[in-house]
Amino acid sequence: MKKVLSINSGSSSLKISLFAMPTEQRLAKIMVDYSNETNQLVTITLPNHELIAQHYTGKITPVELALDLLKKYQIITTSQEITAIGHRIVAGGELFQHSTKITPEVIQKLESINELAPLHNPANVAGILDAELILPNCPQIAVFDTSFHTDLPPENFLYALPLEYYRKYKVRKYGAHGTSHRFVAQQAAKMLKLPLNELKLITLHLGSGASVTAIKNGKSLDTSMGFSPLTGLMMSTRCGDVDPSALVYLLKHHAFSNMDECMKVLNQHSGLLGVSEVSRDMREIERESPRNPQAELAIKMFVKRICDYIGAYWLELGGADALVFTGGIGENDNHVRELICKRLNCLGIKFESIQDQYHDSPFDFATTDSQARLLVIPTDEELMIARDAYELTSTKQSFSKSAVNY
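These numbers come from a predicted model, not from an experiment.

**Q** Could you clarify how one ought to interpret the packing of helix α11 (residues 293-317) against helix α13 (residues 334-343) in this entry?
**A** Relative placement of two packed helices is described by the angle separating their axes and the distance separating the axes. Taken N-terminus to C-terminus, the directions of α11 and α13 make an angle of 50°; their axes are 9 Å apart at the nearest point. Between α11 and α13, the angle falls in the class oblique. The two elements α11 and α13 meet at a crossing, and its hand is right-handed. Of α13, the residues touching α11 (which contributes Ile299, Phe302, Val303, Lys304, Ile306, Cys307 and Ile310) are Val336, Leu339, Ile340 and Arg343.

Now the structure itself:
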């Protein structure tokens, strides 16, 4: 048995899991909520499903935190029990088209493409470097959110810019959340009891970051995020799609002092937070919406843009066997799911209202006569990361996309 540590650093949370491989038994799950930067809430779920919460007020790296808690609760006795560490990396560009072992050369290449995911990649690289210091002899694996989207056809990944910009600068759609979309697509095939390579799916990863992907025959056909995770859907603090000339106009009128400030606003002060002026958290916005028109507007905009992409991908796929909801909002927010499905009634989407807000297991809330199944599947990016890390550290062969059923 090997013990693989999976580190999944998102824009609003940190998720760490320890797996026994190849049985895929989760030995512990650690979650850190970044919503309060000075007093972070940390929870650890033990093998007996006991949930323990505590607060960390100081600076601590993901690996330090994991080892501290795993030892404290006797999941491991020594750090040497960790046989591999898998890291979620948001953007691999065209440099990394599949998961890879981390070397000094890989780290240099990762640092060269930080601009593709400025909220994520620098923190991901910092986590790798910290892990090297703490566990210098432990192999580390990078698992890329973008790699699932490397098979996009050119008409879907290219922008209508002079092709020179793609040839010289590799400006194109890369997508993100591929690890999550890949996982829920595989789980959807199991739920539907059909081969993945025969299905047409629209997967919706709706959380602090949000994206929609059209999946045909097990491969990503199109996805809402673009050159970076900034584009596509309206998100927690990211603006999603916006007319570039509007930004030029704002720059000319000194709304931003420079391009760096412009990017900071688009990434950190826009989206649900920017429109609602209440919170980046959908739960708080929904609590405010009955008495706050801006909060209500933020919800309407969020839902509309999701449905815009679903409609486009429905046409591109020629219909869909299922819509798959995942991510913090997709899995837990009945209100948002129902608002989305109501707008899709013209496509023959019909659903049953769900009363329970939180679910541990996948379920289907479509009626029997709905044109597509409506699946809610909790994502498990950490398990996908562990699978890739185990695969790469257990064989001498190079890692191939077919090995993980892309």
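Anyway, onward from the coordinates.
**Q** Got a minute to help me understand the packing of aromatic side chains in this structure?
**A** The geometry of an aromatic ring pair is captured by two quantities: the separation of the ring centres and the angle between the planes. Per the stated rule, a full pass over the model turns up eight aromatic pairs. With centroids separated by 6.4 Å and ring planes inclined at 45°, the aromatic side chains of Tyr165 and Tyr169 adopt a geometry described as tilted. Remark: Tyr169 and Tyr165 occur in helix α5 (residues 163-169); sequence separation between them is four residues, near one turn of the helix. With a relative accessible area of 35%, Tyr165 lands in the partly exposed category. A relative accessible area of 51% means that Tyr169 is categorised as exposed. Taken together, a centroid distance of 6.4 Å and an interplanar angle of 70° make the contact between Phe351 and Phe365 edge-to-face.

**Q** Got a minute to help me understand α11 in this structure?
**A** Residue pairs three or four apart in sequence face the same way in an α-helix, which turns once every 3.6 residues. For α11, built from 25 residues, the straight-helix expectation of 36 Å at 1.5 Å per residue is met to within 8% by its first-to-last C-alpha distance of 36 Å. The opening residue of α11 is Asn292, an N-cap whose side-chain oxygen sits 2.9 Å from the backbone nitrogen of Gln294. Positive backbone phi, at 75°, marks Gly318, one or two positions downstream of α11.

**Q** How do you make sense of the pattern of salt bridges when you look at a structure like this?
**A** A side chain of one charge can pair with a side chain of the opposite charge when the charged atoms of the two come close. One pass over the structure, following the stated rule, counts 14 salt bridges. Of the charged contacts in the structure, one is a salt bridge between Glu94 and Lys170, with a shortest N-O distance of 3.5 Å. With a gap of 76 residues between them, Glu94 in the loop between β6 (82-89) and β7 (100-101) and Lys170 in the loop between α5 and α6 (178-192) connect regions that are remote in the sequence. Its salt-bridge partner being Asp281, residue Arg283 comes within 2.7 Å of it at the nearest N-O pair. Three or more residues are tied together by salt bridges with common partners; here these are Glu94, Lys170 and Arg172.

**Q** What exactly am I supposed to notice about the sheet that holds strand β4 (residues 40-45) here?
**A** Across a sheet, strands are paired by hydrogen bonds formed along the backbone, either parallel or antiparallel in direction. Strand order in the open sheet formed by eight strands is β5-β4-β3-β2-β1-β6-β8-β7, and the pairing between neighbours is mixed. Each of the sheet's edge strands pairs with one partner strand only, and the pair in question is β5 (51-56) and β7. Note that β7 and strand β8 (residues 140-144) share two bridges and pair antiparallel. Looking at β8, one finds that Thr100 is bridged to Ala142. This element, helix α14 (residues 381-394), spans β1 (2-9), β2 (13-21), β3 (25-33), β6, β7 and β8 of the sheet and lies at about 130° to β1.

**Q** Can you walk me through the pairing of strand β11 (residues 219-223) in this structure?
**A** Burial analysis of β11 places four of its five residues in the buried class, the great majority of the element. Direction of pairing for strand β10 (residues 210-216) relative to β11: antiparallel, over a ladder of four bridges. Bridged to Ile215 within β11 is Ser220. The turn joining β10 and β11, which pair antiparallel and follow one another in sequence, is formed by two residues; a positive phi near 55° is taken by Asn217.

**Q** Looking at this structure, how should I read the pairing of strand β14 (residues 373-376)?
**A** Strand residues, when the strand is regular, have side chains that alternate between the two faces of the sheet. Here strand β12 (residues 322-326) runs beside β14; their pairing, made up of four bridges, is parallel. Within β14, the position partnered with Val324 by the bridge is Leu375. Sheet topology places strand β13 (residues 363-364) next to β14; two bridges connect them, and they run antiparallel. Its bridge partner lying in β14, Phe363 is registered against Val376.

**Q** I'm lost on the UniProt feature "active site" (unreviewed entry) in the protein in this one. Help?
**A** Within this structure's numbering, the places UniProt gives as "active site" (unreviewed entry) are Asp145. Along the chain, Asp145 turns up in the loop between β8 and α4 (154-157). When residues no more than four places from it in sequence are discounted, the contact partners of Asp145 are Arg88, Ile89, Val90, Ala176, His177, Gly178, Thr179 and Glu381.

**Q** Which parts of the structure should I look at to understand the state of the cysteines?
**A** Chemically, a disulfide is nothing more than a covalent bond linking the sulfur atoms of two cysteines. With the rule as written, the count across this model stands at zero disulfides. Of all cysteine sulfurs, the one in Cys262 lies closest to Cys239, which takes part in no disulfide; the gap is 8.5 Å. Residue classification places Cys239 among the buried residues on the basis of a relative accessible area of 13%. Note on Cys262: relative accessible area 1%, which makes it buried.

**Q** Would you explain the nonpolar core in this entry?
**A** Membership of the largest hydrophobic core comes to 59 residues, with the highest contact counts inside it found for Ile202, Leu204, Leu206, Leu323, Phe325, Ile340 and Leu374. Considering every element that reaches this core, the biggest residue donor is α11, with 12 residues. Lining this core are residues from two domains, each supplying at least three of them: domain 1 (2-144) and domain 2 (194-382). Setting aside residues up to four positions removed in sequence, Leu204 forms contacts with His181, Ser211, Val212, Ile306, Ile310, Leu323, Val324, Phe325 and Thr326.

**Q** I'm lost on the packing of helix α2 (residues 104-112) against helix α3 (residues 121-134) in this one. Help?
**A** Interhelical geometry of α2 versus α3 gives an angle of 160° and a closest axis separation of 9 Å. In terms of orientation, α2 and α3 fall into the roughly antiparallel class. The handedness of the crossing between α2 and α3 is left-handed. Counted together, Ile107, Leu110 and Glu111 of α2 and Asn121, Val125, Ile128, Leu129 and Glu132 of α3 form the full contact between these two elements.

Procedures and definitions
Every chain is numbered on its own, with residues counted from 1 as its sequence reads. Under the rules for a predicted model, residues below a pLDDT of 70 receive no local features and side-chain atom pairs below 80 are neither given nor counted, while totals for whole chains, interfaces and linings still include all residues. Hydrogens are left out, water is left out, and the side-chain values use all remaining heavy atoms of the structure. Each axis is a line fitted through C-alpha atoms, taken for helices only over the stretch in contact, and angles between the N-to-C directions span 0 to 180 degrees. Numbering of helices and strands runs from the N terminus, with a helix taken as a DSSP run of H or I at least four residues long and a strand as a DSSP run of E at least two residues long. Just so you know how the angles are binned, under 35 degrees is roughly parallel, over 145 roughly antiparallel, 65 to 115 roughly perpendicular, and the rest oblique. Left-handed describes a crossing in which the near helix is turned anticlockwise from the far one by less than a right angle; the clockwise case is right-handed. Only heavy atoms matter for contacts: two residues are in contact if any of them lie within 4.5 Å across the pair. Any two of the Phe, Tyr and Trp rings considered here, Trp counted by its six-membered ring, make a pair once their centres fall within 6.5 Å; the pair's planes then place it as stacked at under 30 degrees, edge-to-face at over 60, or tilted in between. Residue burial is assigned from relative accessible area. The probe radius is 1.4 Å, only protein chains are included, and a residue is buried under 20% of its type maximum, exposed over 50%, and partly exposed in between. Here a helix's expected span is defined as the number of its residues, less one, multiplied by 1.5 Å. In protein, a polar contact means a hydrogen-donor-capable atom and an acceptor-capable atom, both N or O and within 3.5 Å, with residues adjacent in sequence counting only if both atoms are side-chain atoms; elsewhere, any N or O pair within 3.5 Å suffices. Think of a salt bridge as a Lys or Arg side-chain nitrogen and an Asp or Glu carboxyl oxygen that are within 4 Å of each other. Criterion used throughout: strands pair if DSSP finds at least two bridges between them. UniProt positions are given in the numbering used here, feature names are shortened, and annotations may be inferred rather than shown by experiment. Two cysteine sulfurs form what is called a disulfide whenever their separation falls within 2.5 Å. Residues belong to a common nonpolar core when they are buried Ala, Val, Leu, Ile, Met, Phe, Trp, Tyr or Cys residues joined through side-chain atoms within 4.5 Å. What counts as a domain boundary in this text is fixed by an automatic or database domain assignment.

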